[in-house]
Structures are given as C-alpha cells and as structure tokens.
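Fold and geometry: a report
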Amino acid sequence: MIGYVESVINGILMGSIYGLTAVGLTLIFGVMKVINFAHGSILMVGMFAAYWFVTLTGVNPYLALFVVVPFLYFFGFYLQKFVIKPIFEAEKDIREPITVIIVTTGIWYVLDNLALLLFGAEFRVAKTVVSGQMLEIFDMYFLWSKIIGAGVTLLLGIYLYWFLRHSRMGKAVRATSLDREAATLMGIKQTRIYNIVFGLGCACCGVAACVLVPFYYVYPTVGVPFDIKAFVIVVLGGLGSVPGAILGGIIIGLIETVGAQFMAATWTEMLIYVFFLFVLFVKPSGLFGLKQDY
Amino acid sequence: MKFFKVLPFLALLTALCSFGQAEAAETIKIGNIIPLSGPSASVGIQGKNAREMAVEEINAAGGIKSLGGAKLQLVFSDSKSDPTTGVTEAERLINSEKVHVLTGAWNSAVTYPVTQTAERYGMPFIVPVSVRDTITERGFKNVFRIAAKDSWWTRDQFKFLDDMKKEFGVDVKNVAFVYENGDWGVGFAEKWREMAKERGYKVVLDEPYPSTASDLTPVVIKLKRSKADVVFMTSNAADAILLTNTMAEMKVNVKAIITSGGGHADPSFLKAAGKNAEYIFDLVEWEADLNRPGLKETNEKFTKKYGYSLAGESVDAYASMYLIKDVLERAGSTKPEAVRKALIETNLCGGTVGLLAYDCIQFDQSGQNKNASLVIVQIRQKGKDMERITVWPKNVRRAGYTPVFPQPNK
C-alpha cells in the first residue's frame, strides 16, 4: 500500500518536471505554429550551462536560474532572429512553413554535435547541496530536488498564465497567435513577437534545465528522452495550452510510475502511447485544446 | 612518349614486388580484422597496440626458432564494426595478402560471419575477444577462442555468490533481476532464471526496463519493496548511473549488488555515481590490479608506450600473439593443417599468458579455451576517488584486501 502512495507522489513530482520541459514547446507552437525539433537540444544547452555554472562557482543550483534563464532567453531570441526568421520571410506566402521545421531539425543536430565536440560523450553529474537529499515520511522517500522542481513548475505555470492573460505583451502574443495578419494590421510587430516567444520558449527550457541538473546527469544527447515525452505531452494537453502541458506531464509521470507497480517498466511506455492514442481518438484537440484548426 | 611516363612507375612496381617476394620467405603474416574506425574504434585501437607490442617483443627475441628465426608480420584491416566489411576483408587477407593466421574481430556480430569465411578456406582463426556463445558452437575446425563466452558470465556471477556465502557465512534466499531490455540484458536474465532455479533461490523481482528511461524511480520503488537479498543487474552507462543514484537516495538495502560489466565498468559511471557506487560487485574479463606475476611490468611498458593502461581486450590480444608464437614454434610449419593440429594440442601456461586471470590456455573440442574465466571486482572508496579492487576468484584477489559482504546498510 505504502508503495503505491509513494509511487503516486513520485509520479506527480516527476510528471510536473516533464510538464516543465513541455511548456516551452507548447508556447512556441501555440504562437508561431512551428514544431521546434531543437527543443531537447536547447534543454541540453541549458543543462550544460547550469552544470558549468554550478560546478565552477559552487553556488546553490537554484541560483543558476538567474543566469541560465536570461542566457537561454537571449539564445532563443537571437536564434529566431538570425536563423529562423529569414526562412519564415522566404516562406511568407505559404500557409504551412515546412522549411522552418527542417531548420529546427538542423539546429538540433548542430547543437548536439557541438556539445559532443566540446564536452565529449561522458556523463556528468553536478554535485550540489540538494543532490541526494531526501524527504522521509513513513518509510517513503522523496527527492528534495524533485519537490523543488514541482514547485518551480507550478510557479512558472502561474506566471505564464498571468503573463499571457493580463500583461500588455501577453495580449499581443495571444493576438498574434489567433491571427498573425490581423495582429499586424493592429500595429503588432509580428517578427518581434516571434523573437520574444521563441526566447520565452527557450527560457522555459532554461528553468527545466536548472531544476533537472541537481538530480539528473548531463551529456550531449540528454534532450532526446525528454524531447519525445514533451511532444506527447504537448499534443495530449492540447497544442499551445500551458496548463495543458503541465497537466499532460503529470498524467505521463503518473502512468509511468504507478503503471510500473503493476507491470514491467518496459510496458509503461506502451501504456503511455495507448492512452495518448485514446485521448486523440476521443478529443483530437487534446485535453485542453481549443477547437481550432492549426 | 607515353611509355616513358609510365616507366618509372613500372620500375617502382617491379621493385616493390620483388621486395615483397624476398620478404615472404622469412616472415609469417598474421591478418587482424578489428574495428579501427566507427563506434568500437577505441577498443580496436587498443587491440592493435597490444598486438604490435607483443610482436615487437617476439621478433626482438629471435622470432620463431623452429622456422629458422622467422619474423611475425602484422597485417591490419578495418572492419568498421560492420559484418559485411569484415567478410570482404577476410577474403582479401586470405586471397591477396596470403596471411597464415587470422585474428579478430572484437564485435561478435563481425566475428560470427568472419569465422565462417575462415572455416571455408581452412584458415586458422584465433578469437581473442567476442563473447557470443555460438561462435565456437558450430562445429568449426579452425576457430579458437581465448576469452570466456557469454553464458560463462552469468555462471561466474552465481559461482561468486556461492563462494561469498561460504566465505562469510551469510545466507541468501531472495534474488532480484534488474536489466536493460535489449539483447544483452534479456539474454542475461534468461540465464539468471535457470541458475536461480538450479540453486533454489526465490526470484522476488524480474524487471526489465528501457535503457532510455528518463526516470527509474518506479523500478527502484519496486526493488525496495521486493525485499531482495541480492540484486543482479545488467545496465548501460546512463541507466547504471540513474539506478545506482536512485537506489542510494531511496535507501535500498540489499546484501549485495552484482553487476555485469558494461555500463558499470564505464569510467564515467564511477565519476558520476561517486560514493553511491561503493560496495558494488562488478563482473569483468580482466582488471589491472590482478595478483599475477609480470603484469605490473607489462602494464607499465604498455602505458609508457601508448599513454593508457591495458584492459581486458588488449590483454587478450597481447596473449593471442604469444599463443600464435607458441603454436608456430610447435608446428614447425605455416601450413594450415599443421597450425591447426598445434592449436588443438595447445597447453600454454605461465609466462605472458599469466597476465590473464587464469593460468593456462587449453582448447576444448569446440575450440573454446576451457580455462577462460572472469573476475569480480568490488568498488571501494579510496581517498576522494572510487577504486575497483579484484576480489574473485580468490587466487587473484588483491593482496591484503577483504571484500565487504554483506554491504552495510545505507
């Protein structure tokens, strides 16, 4: 019995961190209608940045948030400005910008191999004050770094929700996401919004990276397992929906952890995809998706 | 006019040919198919270096005396870890290079078809390392393997457990199996199940997991609740780190963790898992601290020459060259029939073979070295770093070390 309670709580904790890795992806998709295949690699860049910051300065890993998040914001901002925007403009008249997707795949390969070249294939673990610290209740153990991670996820979700609903910039972002031509006519500078949104999406990866580094190892293809999960979560939660991404993440985490108590761990992966197909079958727009044609 | 342009090349070609012919009379060519590029290149190059060092030593000591001091000559070809390339290279070495003996090919997947080619040509083939059982189980007459085969790994893990139980008077009832769900892990688990049944252990957990999992907490929760005494594990590097750290964090208490090389033997595992890896027993082919005569000197020489230490693969490659020397010495001929006969009669003990974890090389009917064995190391903290200390078999245990069994509670 206690094993199941432990699994449920651990599932929620890990799931919210999965949600955190998916938030940036859903944001970029919701506004730009671009599937960012480089998402996992950007997470990897963030993890390396956090790893080096923590290892070299020896500070509390959560202080890295204040350095890594702005770094990744500008990283994304300029990546969009100099790499993605020119392609966008070349394909202005096409409704489905396919080349952009190919470009993000290119960025993925470039970043992964650059990291391999610079840091090698070895696995690195940042030694921090929270690493290995457990919360113990009735013979159940929870990693503090995961608890903090879940908390950070919640805060980021609330902030993004407020930002998109109530801030002036957030309203402009939403307007662009609804109809980019009409928004342009209203005086919203579309390309600038895109730069900011891509930057924000990458900054979300930066948050996830700082939360992951205290308990997860870093290596050049670390983004891949999170990347695949993030895509499932985004579609499951509803394309473009921030609460959907976080909830979708928690559902995946729960299936993974609780499911494994009843069957071999290899089967839970299948269970995730079965559930995913089921949701798509019943509600094709995802759990929180709008009835909208993307 | 054109003729004069070609002339120098022709002259060079004739010179080269005659040079080759003059050499052939007194050198014995050894063809080596190993991965020198591609994913397994680093082990391939280790094997190449070890072979070169051995052949240098043999030639410096006067070559093969029964053949009038004939020198050994190494011919390398790159398999790129690709079976097709391996087979093509084998054909080339046999037909164009006219080698007398073949060795290789490290990757089981390459060795398997390459030995088939060698068999067809009646070419003696020495396999230093390649673990797949079936390589020597096809009734081939020309294939001889020095290293232990796959099924012996799991056998030795259980033998080790028996010995430990006896040595420390500890009882073990429940065992758990945790393994990656690839070819390797699933294959090991199959053998573990048989062994556990034979020895009357109760299997309380039999859990495969995907090697790419981003979170292994669910597996560790299960392991913790299973009340296992001993856990057997087969993991790649990333999941070995994740499992070891999660097990330590969730305070999983078992009497022993017995792992199967692979990820647990990866240098980055010890760095990333750190103190959490302490007390793990890891099964490997060979370890640099083995209590064997002459090992230290050879390792020092090798390290000085190439800048890194010997490893299981390179020691087997090194020993295989001395095996070839011994065989040719006894055969007194380079004819495949004579070489094969000498190989069957091999009883090579001590000397450079003593670097291996066992005493002698002797082949059984299938061509498998029947003495080949594996060693078990225990990971212990020494200063700030973690160290791998050989503990089993007892005759090679590092002098003055007593293994910790059962491991203390976390």
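It should be emphasised that the depicted structure is a prediction, and the values quoted were computed from it without experimental measurement.

Residue and element names in this part refer to chain B. When the domains of chain B are assigned, the result is domain 1 (11-148 + 293-361) and domain 2 (151-284 + 374-396). Here the C-alpha centroids of domain 1 and domain 2 sit 34 Å apart. Counting residues at the interface gives four residues for domain 1 and seven residues for domain 2. Taken over both partners, the interface formed by domain 1 and domain 2 buries close to 440 Å², and the fraction arising from carbon and sulfur atoms is 58%. By the criterion of area lost to domain 2, the three top residues of domain 1 are D133, A148 and A357, representing 82% of everything that side buries. Taken together, the connections running from domain 1 to domain 2 amount to one salt bridge. One can count one residue pair in polar contact (both at pLDDT 80 or more) joining domain 1 with domain 2. When the residues that make up the side of domain 1 that touches domain 2 are grouped by side-chain class, the tally is three nonpolar, no polar and one charged.

All names here are of chain B. In spatial order, the strands read β7-β6-β8-β9-β10-β13-β14; together these seven strands make up an open sheet with mixed pairing. For this open sheet the edge positions go to β7 (202-209) and β14 (385-392), each flanked by a neighbour on one side alone. Ignoring strand direction, the axes of neighbouring strands in this sheet form an average angle of 25°.

Summed over the entire model, instances satisfying the criterion amount to four cavities of 30 Å³ or more. Roughly 170 Å³ of internal volume is contained in the largest cavity. The wall of the largest cavity is formed by 20 residues, among which L143, K146 and F215 of chain A together with T246 and E249 of chain B lie closest to the centre. Breaking the lining of the largest cavity down by element, the ones donating at least two residues are α1 (2-32) and β2 (140-143) of chain A together with α8 (237-249) of chain B. The biggest single contributor to the lining of the largest cavity is α8 of chain B, with five residues. The residue makeup of the lining of the largest cavity, split by class, is twelve nonpolar, five polar and three charged. Taken together, 17 residues line the second largest cavity, and the ones lying closest to its centre are A147, A148, E285, D316 and S373 of chain B.

Before going further, it helps to examine the UniProt feature "transmembrane region" (unreviewed entry) in chain A. Residue and element names in this part refer to chain A. UniProt records the feature "transmembrane region" (unreviewed entry) for residues 12-30, 37-54, 60-79, 100-121, 141-164, 196-219, 231-255 and 262-282 in the present numbering. Regarding residues 37-54, the helix share stands at 89% and the strand share at 0%, and the terminal C-alpha atoms are separated by 27 Å. From the first C-alpha to the last, residues 100-121 spans 29 Å; its make-up is 91% helix and 0% strand.

Before going further, it helps to examine the pattern of salt bridges. One pass over the structure, following the stated rule, counts 35 salt bridges over all chains. When the shortest N-O distance is used, the salt bridge between D206 of chain B and R193 of chain B registers 2.6 Å. Taken together, the positions of D206 of chain B in strand β7 and R193 of chain B in helix α6 (residues 183-199) put the pair 13 residues apart, joining distant regions of the chain. For R193 of chain B, a relative accessible area of 35% translates into the label partly exposed. A single salt-bridge network, built from bridges that share partners, covers E6 and D139 of chain A together with K224 and R225 of chain B.

Glancing now at the confidence of the model for chain A. Residue-level pLDDT values for chain A average 87, and 97% of them are 70 or greater. The lowest-confidence element of chain A is helix α7 (residues 180-185) of chain A, averaging 83 in pLDDT; the highest-confidence one is helix α2 (residues 39-57) of chain A, averaging 92.

This paragraph deals with α8 of chain B. Taking 1.5 Å per residue, 13 residues should reach 18 Å; α8 of chain B reaches 18 Å between its end C-alpha atoms and fits that length. After α8 of chain B finishes, the residue K251 of chain B shows a positive phi value of roughly 50°.

Residue and element names in this part refer to chain B. Following W392, the chain continues to P393 via a peptide bond in cis, the omega torsion being -5°. The omega angle of the peptide bond from F405 to P406 is -5°, so this bond is cis rather than trans. Within the secondary structure, P406 is located in the segment after β14. Residues other than glycine seldom take positive phi values, yet S81 does so here, at roughly 60°.

Right, let's get into the interface of chain A and chain B. The interface of chain A with chain B comprises 31 residues on the first partner and 27 residues on the second. When the two sides are added together, the surface that chain A and chain B hide from each other amounts to roughly 2400 Å², 57% of it contributed by carbon and sulfur. Broken down residue by residue, the surface that chain A buries against chain B is led by F123, Y217 and T266 of chain A, which jointly contribute 22%. Remark: the boundary between chain A and chain B carries five salt bridges. Its salt-bridge partner being E122 of chain A, residue K271 of chain B comes within 3.2 Å of it at the nearest N-O pair.

Let us now look at the UniProt feature "domain: Leucine-binding protein" (unreviewed entry) in chain B. UniProt tags residues 27-383 of chain B as "domain: Leucine-binding protein" (unreviewed entry). What you have in residues 27-383 of chain B is 43% helix and 18% strand, and the ends, taken at the C-alpha atoms, are 51 Å apart.

Below, the discussion takes up the state of the cysteines. Counted by the stated rule, this structure contains one disulfide over all chains. The side chain of C349 of chain B participates in a disulfide bridge whose partner is C360 of chain B; the two sulfur atoms lie 2.0 Å from each other. Disulfide C349 of chain B-C360 of chain B: the torsion about the S-S bond is 110°, which places it as right-handed. In this pair, C349 of chain B is assigned in strand β11 (residues 348-349) and C360 of chain B in strand β12 (residues 360-361), connecting sequence segments eleven residues apart. Owing to a relative accessible area of 40%, C349 of chain B belongs among the partly exposed residues under this scheme. Free of any disulfide, C210 of chain A has its nearest neighbouring cysteine sulfur in C205 of chain A, separated by 11 Å.

Ranked by size, the top nonpolar core spans 125 residues in total, and within it I42, M47, Y216 and Y217 of chain A together with V178 and F269 of chain B carry the most contacts. Residue contributions to this core peak at 16 residues, all from helix α8 (residues 190-212) of chain A. L72, F188, V315 and L348 of chain B belong to the second largest nonpolar core, which has 77 residues in total.

Here is what the cut-offs are and how they apply
Residues numbered from 1 in each chain as written. Chains lettered and ligands numbered in written order. Predicted model: local features only at pLDDT ≥ 70, side-chain atom pairs only at ≥ 80, totals over all residues. Heavy atoms only, no water. Domains from an automatic or database assignment. Contact = heavy atoms within 4.5 Å. Buried area = accessible area lost by both parts, 1.4 Å probe. Salt bridge = Lys/Arg side-chain N within 4 Å of Asp/Glu carboxyl O. Polar contact = N/O pair within 3.5 Å; in protein donor to acceptor, adjacent residues only side chain to side chain. Nonpolar A, V, L, I, M, F, W, Y, C, P; charged D, E, K, R; others polar. Pairing = 2+ DSSP bridges. Helix = DSSP H or I, 4+ residues; strand = E, 2+ residues; numbered from the N terminus. Axes fitted to C-alpha atoms, helices over the stretch in contact; angles between N-to-C directions. 1 Å grid on protein atoms, 1.4 Å probe; cavity = no way out; pocket = protein on both sides within 12 Å on 5 of 7 lines; lining within 4 Å. Points joined across faces, edges and corners; volume = space filled by probe spheres on them. UniProt positions renumbered as here; feature names shortened; annotations may be inferred. Buried < 20%, exposed > 50% of the residue type's maximum accessible area, 1.4 Å probe, protein only. pLDDT = per-residue confidence, 0-100. Expected span 1.5 Å × (residues − 1). Disulfide = S-S within 2.5 Å. Core = buried A, V, L, I, M, F, W, Y, C linked by side-chain atoms within 4.5 Å.

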